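# Chain and residue survey
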Amino acid sequence: MNNAVLGKKMIITGAISLALLTGCAKQPDVYADPDKPASEQHDIYASNIDEDSSESSTPENKQDKKKSPVRDTYTYKDRKTTDNLTSFYIIKTIYYPKKVVVYWGGDLESDQMENFNYDNVEVKSNRIIIYSDDPRSVTSFRFKDSCDWRDFEVRYLDSDNYSLVETSYDTAGGDHLSGDVDTFYTEEEKAASKKRAEEALKEKARQEQIFDQYLGTWVSKDGSEIVFYIDEDGQRRVSIPDVELDKFVGISDGRYGNYMYELTLDAYTCGMVFGVQFSCDGEKMWTNQTGDVYFYKQTDSFDFKSGHNPEDE
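## As for the overall build of the protein chain
- Of the regular secondary structure elements, the protein chain holds 5 helices and 18 strands.
- Counting every position in the protein chain, which comprises 313 residues, the buried fraction comes to 30%.
- Expressed as a percentage of contacts within the protein chain between residues at least 6 apart in sequence, the contacts between residues at least 24 apart total 39%.
- As presented, the protein chain carries roughly 19900 Å² of accessible surface, and 49% of it is formed by carbon and sulfur atoms.

This is the structure:
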């Protein structure tokens, strides 16, 4: 081999070595599955990507995410085990510059979660993402369970342990609290809640007194009956012709037709109630469900069943 050829080989070898040392040589792309084309692969060298992987992953967004480090992460104790929370509990909360990501668990379906108290909220699998220009101000949130007539409210996300209260509603409009009631509310809120509860009890007693004025059997000329009674369990009920519902919920002023009262009955369906308008002048009763028929209080003097008809007097 002559000196000219040898010199060319040494120059080429040196150039390749220099390229490798300086990083100029292009390295092959490495993918998870070599049997698939690159367009279908996930680059295993990709890093620094926001945990919210369902967002757009354009090169521009990737650059933005690299410039948006996590501010704070709060990881909570296992409430499912310690407090037997099964419907909804929080695992951790992460504060980002423009959003708060809350990781949750439980039996609740994500599509049941609605009516959040923030305008820009997404529920993605086990994450609640709250977008905000001031994420550090997001320390609480609430939402409704669209299927089971209940609300969930969380406070103190930016602490070692959050507080959660679940409010369920009954057909009478009452609410029942469960969860971290003692730690959730401030002393001022507890005092206000106690006052509201006392007022609600007084109002319930007032309505029951009105109902009790009409206890007994009211009979029409054709023998139909309206019966106001209290069952063996202490539940107030009323039986009205052609009305299948009988469980008393409440009573209020009549809303139309110049009736004195509206009697509210439990409809036994998703918290719904049924209203019956009625009036009574002390001797006879009439309702919007029974047309122009009058019902008279069944007493020893007025007993249609025994043949005594006050309408004949």
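## Things to note about the nonpolar core
- The biggest cluster of nonpolar side chains holds 23 residues, and the ones touching the most others in it are F88, I90, I128 and F141.
- Sorting the residues of this core by element identifies β2 (89-95), β3 (99-105), β6 (127-131), β7 (141-145) and β8 (150-155) as the ones contributing at least two each.
- Setting aside chain neighbours within four positions, we find I90 in contact with Y76, V102, Y103, W104, F141, V154, L157 and Y162.
- Core analysis: the next-biggest nonpolar cluster, separate from the first, contains 21 residues, Y214, F228, L245 and Y261 among them.

## Let's talk about the pairing of strand β13 (residues 236-239)
- Where strand β12 (residues 225-230) and β13 come together, 4 bridges link them in antiparallel fashion. Within the sheet, the bridge partner assigned to I230 lies in β13 and is R236.

## Quick word on the sheet that holds strand β10 (residues 175-179)
- Pairing is antiparallel in the open sheet, where 5 strands are placed in the order β4-β7-β8-β9-β10. The open sheet has two free edges, formed respectively by β4 (113-114) and β10, since each of these has just one partner strand.

## Points about the confidence of the model for the protein chain
- With 70% of its residues at a pLDDT of at least 70, the protein chain reaches an overall mean of 78.
- When pLDDT is averaged over each helix and strand of the protein chain, the minimum, 47, is found for helix α1 (residues 3-22) and the maximum, 97, for β6.
- Note that residues 15-50 has pLDDT below 50 and, in this model, 24 contacts with residues that lie over four places away or in other chains.

## Here we look at helix α5 (residues 187-212)
- Across its 26 residues, α5 extends 38 Å between first and last C-alpha, which sits within 8% of the 38 Å expected from 1.5 Å per residue.
- Those residues of α5 that sit buried are Q207, I210 and F211.
- Taken together, the buried residues of α5 touch β12, β13, β14 (248-253) and β15 (261-266).

Definitions and cut-offs
- Here the residue numbering is sequential within each chain, running from 1 through the sequence in written order.
- Per-residue local features are limited, in this predicted model, to residues with pLDDT of at least 70; the limit for side-chain atom pairs, both in listing and counting, is 80 or more; totals at the level of whole chains, interfaces and linings are taken over all residues.
- Based on all heavy atoms of the structure, the side-chain values leave hydrogens and waters out of the count.
- Comment: elements are numbered from the N terminus, with helices defined as DSSP H or I runs of at least four residues and strands as E runs of at least two.
- Buried means the residue's accessible area, taken with a 1.4 Å probe over protein chains only, is under 20% of the maximum for its type, while exposed means over 50%, and partly exposed covers the values in between.
- Note on contacts: a residue pair qualifies if any of its non-hydrogen atoms lie within 4.5 Å across the two residues.
- Each accessible area value is a Shrake-Rupley result obtained with a 1.4 Å probe; residue values ignore everything except the protein chains displayed when judging cover.
- Here, nonpolar core refers to any group of buried Ala, Val, Leu, Ile, Met, Phe, Trp, Tyr and Cys residues whose side-chain atoms link them within 4.5 Å.
- For two strands to pair, DSSP has to find at least two bridges joining them.
- Per-residue confidence from the prediction method is given by pLDDT, with values spanning 0 to 100.
- The span one expects for a helix is its residue count, reduced by one, times 1.5 Å.

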